[in-house]
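Observations on chain architecture
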Amino acid sequence: MEDADAMPIAELLEERRYLLDVAYWMLGSASEAECVVDEAYRRWYGLSEAARQEVVRPRSWLARTAGRSCLGRLALADRGGGAAQDAQGPVAGLAAEVSGILLDALGTLSPAERAAFVLNDVFGMRPAAVADIVGRSEPECAELAERARDCLRHQRSHPVSAEEQDALVRGVERACAAQDAELLASLLAPDVTAFFDGGGKVRASGRPVHGGRQVARSLLTLLAHRPRTTVTPQSVNGRTGLVARYDLQVAAVITLDIADHHIAQVWVVLNPDKLRSWNQPRTPGT
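As a convention, each chain's residues are numbered from 1 in the sequence order in which they are written. Per-residue local features of the predicted model are confined to residues with pLDDT of at least 70, and side-chain atom pairs are confined, for both listing and counting, to 80 or more; whole-chain, interface and lining totals are unaffected and use all residues. In computing side-chain values, all of the structure's heavy atoms are included and hydrogens and water are not.

Concerning the packing of aromatic side chains
Two rings belonging to Phe, Tyr or Trp (six-membered ring only in the last case) form a pair when the distance between their centres is within 6.5 Å. Interplanar angles under 30 degrees mark stacking, angles over 60 mark edge-to-face geometry, and anything in between is tilted. In the structure shown here, the tally under the stated rule is 5 aromatic pairs. Taking 5.7 Å as the distance between ring centres and 85° as the angle between the ring planes, the aromatic pair formed by tyrosine 18 and phenylalanine 123 counts as edge-to-face. Taken together, the residues tyrosine 18 in helix α1 (residues 9-27) and phenylalanine 123 in the loop between α7 (111-122) and α8 (127-134) connect sequence positions 105 residues apart. For the exposure calls, accessible area comes from a 1.4 Å probe over protein chains only, and a residue counts as buried if that area is under 20% of its type's maximum, exposed if over 50%, partly exposed in between. Residue classification places tyrosine 18 among the buried residues on the basis of a relative accessible area of 17%. The buried category is assigned to phenylalanine 123, whose relative accessible area is 12%. Here a set of aromatic residues connected by ring pairs shows up, and it is made of Phe117, Phe195 and Trp267. Runs of H or I in DSSP of at least four residues are treated as helices and runs of E of at least two as strands, each being numbered from the N terminus.

Below, the structure written as structure tokens:
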């Protein structure tokens, strides 16, 4: 092994786990994820030593290579009637962390929508990196990811009255203010999933958080009462959501999707770029 490839064991294993995660989320198949990652490493070592030394971020290169390979497999599966779903092999542990309902929902997206959503919302890759892998412009990838979110919302949530939406959101606000984990967990569906969109600009969770107690812990930590911090119910995209502010600056916007009288999905926007419109000074009369 050349010095350029020398890494501590922990970093070697973490890098491979990261690539397996990317491939698994995109394909929904542990065995296919293994094949994709193995192929990415074969391509890496197929480069000349000089070419490898020119790669500034090998992990990003590997992720791009694996991501493009996944896109190719998704396109073939799309034409052939769908990709296989399994939970075998070294990444089988992921199946316990990821909602089967969510993985099934991802399978209904187009290859480009699934890739844009997974790379942006699940792994928080920078827009330029997502565009490079998907092969579309940054605005096009943002639109693909938004379409994917809308599709997932429609599949997992059900229309509820404004009163029920408002009551659940205010219950979340009270639970977070009191740091009441039991109350918060009681408002969440057992298989709830929370997505944290930091856009690579803040240290948000690197992957979705799944399960009532795990999501409750994440929200209690994020929305813990601190000086100069407020969390208030507010209209978000036409329905009640939560807006967190620090020194009057909007720091997070949270939307909640409801199914069977519980919160089924939580969407937390922390990306400062996406919060700019919330932080524009209001003109008189608005």
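From this point, the narrative continues.
Focus on the sheet that holds strand β1 (residues 188-197)
At least two DSSP bridges between two strands are required for those strands to pair. Pairing within the open sheet is mixed, and its 6 strands lie in the order β2-β1-β6-β5-β4-β3. Strands with a single pairing partner mark the edges of an open sheet, and in this sheet they are β2 (209-210) and β3 (229-236). Sheet analysis places β3 next to strand β4 (residues 239-246), joined by 8 bridges and oriented antiparallel. Bridging across to β4, proline 233 finds its partner in leucine 242. It only takes one pair of heavy atoms within 4.5 Å for two residues to be counted as in contact. Axis angles are defined between N-to-C directions and span 0 to 180 degrees, where every axis is a line fitted to C-alpha atoms and, for a helix, only to the segment in contact. Helix α9 (residues 138-156) contacts β1, β4, β5 (249-259) and β6 (262-269) of the sheet and is inclined by roughly 165° relative to β6.

Here we look at a nonpolar patch on the surface
On the surface, a cluster of nonpolar side chains totalling about 300 Å² of accessible area is made up of Ile9, Leu12 and Leu13. Tracing the backbone through its elements, the reader meets isoleucine 9 in helix α1. Looking at isoleucine 9, the relative accessible area reads 63%, which means it is exposed. Surface patches are drawn from residues lacking salt bridges whose relative accessible area is over 30%; two like charges belong together within 9 Å, two nonpolar side chains (Val, Leu, Ile, Met, Phe, Trp, Tyr) within 5 Å. Surface accessibility follows the Shrake-Rupley procedure with a 1.4 Å probe radius. Residue values consider only the protein chains on display as shielding. A side-chain nitrogen of Lys or Arg and a carboxyl oxygen of Asp or Glu constitute a salt bridge if their distance falls within 4 Å.

Structural notes on the pairing of β6
For β6, the tally of buried residues reaches 6 of 8 residues, placing the bulk of the element in the interior. Relative to β6, β1 is paired through 6 bridges, and the arrangement is parallel. Each residue of the ladder has a partner; that of threonine 193, found in β6, is glutamine 265. Note: β5 against β6, 7 bridges, orientation antiparallel. Paired with leucine 256 across the two strands is valine 266, which belongs to β6. The antiparallel pairing of β5 with β6 creates a hairpin that spans 2 residues between the two strands, and aspartate 260 there sits at a positive phi of about 55°.

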